[in-house]
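Listed below are the residues making up each chain.
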Amino acid sequence: MRDPLSILTDAFTSFLFGKVETTRLPVRTSTGQAQAVYLPTAAPGLGDSGVIIGREVYSGKGYIYDPFQLYGQQLPAPHWLVLGESGNGKSALEKTYVLRQLRFRDRQVVVLDAQGEDGAGEWNLIAQELGITPIRLDAMAALDHGIRLNPLDPSITTTGQLALLRTIIEVAMGHGLDERSGFALKVAHAYVNESIVRRQPVLTDIVEQLRHPEPESAEAMNVALDDVRAWGLDVALVLDRLVDGDLRGMFDGPTTVGIDLDAPLIVFDLSHIDRNSIAMPILMAIVGVWLEHTWIRPDRKKRIFLVEEAWHIINSPFVAQLFQRLLKFGRRLGLSFVAVVHHLSDVVDGAAAREAAAILKMASTRTIYAQKADEARATGRVLGLPRWAVEIIPTLTPGIAVWDVNGNVQVVKHLVTEAERPLVFTDRAMTENSAASNASDAADALALGGGGLPEDMRAADWEAEQRAALLERQRRLNESSESTVA
């Protein structure tokens, strides 16, 4: 009950000023209920310098990413890991990213293309568009004057050649070389380099020297010649596979003349090699070292090394160690390593878990497409993703991914332009693993946006659902710490 003085004061104020100030009673509520009065906010972007990827789902802002522009304060390393199951847009992202990077004159890209259909690699169309001939590594074609890469190419240092030979042998044998085998290989390699000067030394020379070592090799260590021959026998048998086995022709001759290492895009087509055989990591090792010594140069160019099916690298201890060195070395010379993997469990639970962890640690950018819930949880634990990101990964539609750039986590929708569409949305690019999933191609294209479509209803509906889900998750989190507000 109001007192007469207050009533008289209000009446006089109303008569004098024509309005009455109202008094509201306080409202008691929880933070979970009161959060609806606050406008939603979006995380800050990565700047406006670089290549555009698409747009951030919750804010609608353009999403721009470039490891060379961000390197330093925002990004401790320029390396990038792309994860996700097949058919969710990884190939489209990789291809458009490379095409957009190549618009800068100081960019150069090497792609190890391990997938393909119809006798050609997945990157064949883009290479043709740019007037580039892919370097197709094929044992059968190599026998008929095809492409060869020589592990003993003079452009590779003597130390690099020996390291490459050891890696090839250790990958094939599945274990490290013992001291005796290592000694036999070292003296054979030294003799071949010293004695052959009028042509490029080749693997056949190493195999021959291992089978028939020189007496000087035994005398240097005061051992019998037969002992040196026995120590090198297993090594010779492994290298013989590259000379006269199922991989013959690709590495047992001088490097093919005319490989243009100054082209803006260099594509190594590995699609003719069985990706599940021991040949694939051997190829990765040879190409990796060959590039390290012939491609990466201190010429102020920014280089991108993109590897499809990268678990062949990260799952082999010896190849992983080689690439780990390449990443550390390349960072000083402007190299961004991009590894594309379907499942993180393929590498973190493999034989090279320690080496894989070191490579993953150097990848400051991680892009995760849709995964099953259990795989998403495992990925979140390994990569240290926030809980909301882990929960959202299984619900992602094709073309939308969680981006973690050195702790800046956002949900990004990748967009494809009309000019890029014919190069990206082929059967090979969309299915990633087989032609059997053609039924999902139209849905994938719809989710990636553009292409003259009047409205991307599927993605729009998904984004609305995710905004609502995000608010609901925030409400549940806040309910655990309710407080009263006036």
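Everything that follows concerns the structure shown earlier in this document.
For the structure given in this document, a descriptive report is provided here. (Residues numbered from 1 in each chain as written. Predicted model: local features only at pLDDT ≥ 70, side-chain atom pairs only at ≥ 80, totals over all residues. Heavy atoms only, no water.)

A word on the environment of V207. In this fold, V207 is placed in helix 9 (residues 203-211). For the pair V207 and L185, spaced 22 residues apart in the sequence, the C-alpha separation amounts to 9.3 Å. What V207 contacts, discounting residues up to four positions off in sequence, is A236, L239, D240 and V243. (Helix = DSSP H or I, 4+ residues; strand = E, 2+ residues; numbered from the N terminus. Contact = heavy atoms within 4.5 Å.)

The terminal C-alpha atoms of helix 12 (residues 233-244) lie 15 Å apart, and with twelve residues this matches the ideal 16 Å at 1.5 Å per residue to within 8%. Those residues of helix 12 that sit buried are V235, A236, V238, L239, L242 and V243. Buried residues along helix 12 cover an arc of 165° about the axis, so they all sit on one side. Within helix 12, the exposed residues directed more than 90 degrees away from the buried face are L237 and D244. Elements that come into contact with the buried residues of helix 12 comprise helix 7 (158-173), helix 8 (179-195), helix 9 and helix 13 (279-294). (Expected span 1.5 Å × (residues − 1). Buried < 20%, exposed > 50% of the residue type's maximum accessible area, 1.4 Å probe, protein only. Arc of directions from axis to C-beta.)

Within a sheet, neighbouring strands are paired by backbone hydrogen bonds and run either parallel or antiparallel to one another. Read from one edge to the other, the open sheet built from eleven strands follows the order 2-1-13-12-11-3-10-9-4-8-7, with strand pairing classed as mixed. Looking at strand neighbours, the two that pair on one side only are strand 2 (62-65) and strand 7 (135-136), the edges of this open sheet. Examined bridge by bridge, strand 3 (residues 80-83) and strand 11 (residues 365-368) share four bridges and lie parallel to one another. Looking at strand 11, one finds that L81 is bridged to R366. Of the strands in this sheet, strand 9 (302-307) and strand 10 (335-341) touch helix 15 (residues 317-331), which is tilted by about 145° from strand 10. (Pairing = 2+ DSSP bridges. Axes fitted to C-alpha atoms, helices over the stretch in contact; angles between N-to-C directions.)

With that settled, consider the nonpolar core. L81, L112, L137, L239, F268 and F305 are the most contacted members of the largest nonpolar core, which totals 93 residues. Element by element, the count of residues in this core is highest for helix 13, at eleven residues. Built from parts of two domains, this core gets at least three residues from each of domain 1 (41-135 + 262-424) and domain 2 (150-258). Residues contacting L112, with those up to four places away along its chain left out, are F268, L270, M284, V287, F305, L306, V307 and E308. If you look at the next biggest cluster of nonpolar residues, it comprises 33 residues, including L46, F68, L75 and V109. (Core = buried A, V, L, I, M, F, W, Y, C linked by side-chain atoms within 4.5 Å. Domains from an automatic or database assignment.)

Among the structural elements, K90 can be located in helix 4 (residues 90-101). At 2.9 Å, the side chain of K90 and the backbone oxygen of G84 are in polar contact. (Polar contact = N/O pair within 3.5 Å; in protein donor to acceptor, adjacent residues only side chain to side chain.)

Here we come to the pairing of strand 11. Burial along strand 11 is two-sided: the face carrying T365 and T367 and the face carrying R366 and I368 are both buried. Bridge count for strand 11 against strand 12 (residues 400-405) is four bridges, and the pairing is antiparallel. Counted as the bridge partner of T365 is V405 from strand 12.

Further remarks concern the pairing of strand 2. One face of the sheet, then the other: side chains in a regular strand alternate in exactly this way. As paired elements, strand 1 (residues 51-56) and strand 2 share four bridges and run antiparallel to each other. Bridging from a neighbouring strand, V51 pairs with Y65 of strand 2. Counting the residues that bridge the hairpin from strand 1 to strand 2 gives five residues, and of these G60 lies at a positive phi of roughly 80°.

On to the packing of aromatic side chains, then. Applying the stated criterion to the full structure yields twelve aromatic pairs. With a centroid separation of 5.9 Å and an interplanar angle of 70°, the aromatic rings of F305 and F337 are classed as edge-to-face. With F305 in strand 9 and F337 in strand 10, this residue pair connects regions lying 32 residues apart in the sequence. The two residues F305 and F337 agree in class, both being buried. What links up through ring pairs into an aromatic cluster is the set Y63, Y65, W80, Y97 and W403. (Phe/Tyr/Trp six-rings, centres within 6.5 Å; stacked < 30°, edge-to-face > 60°.)

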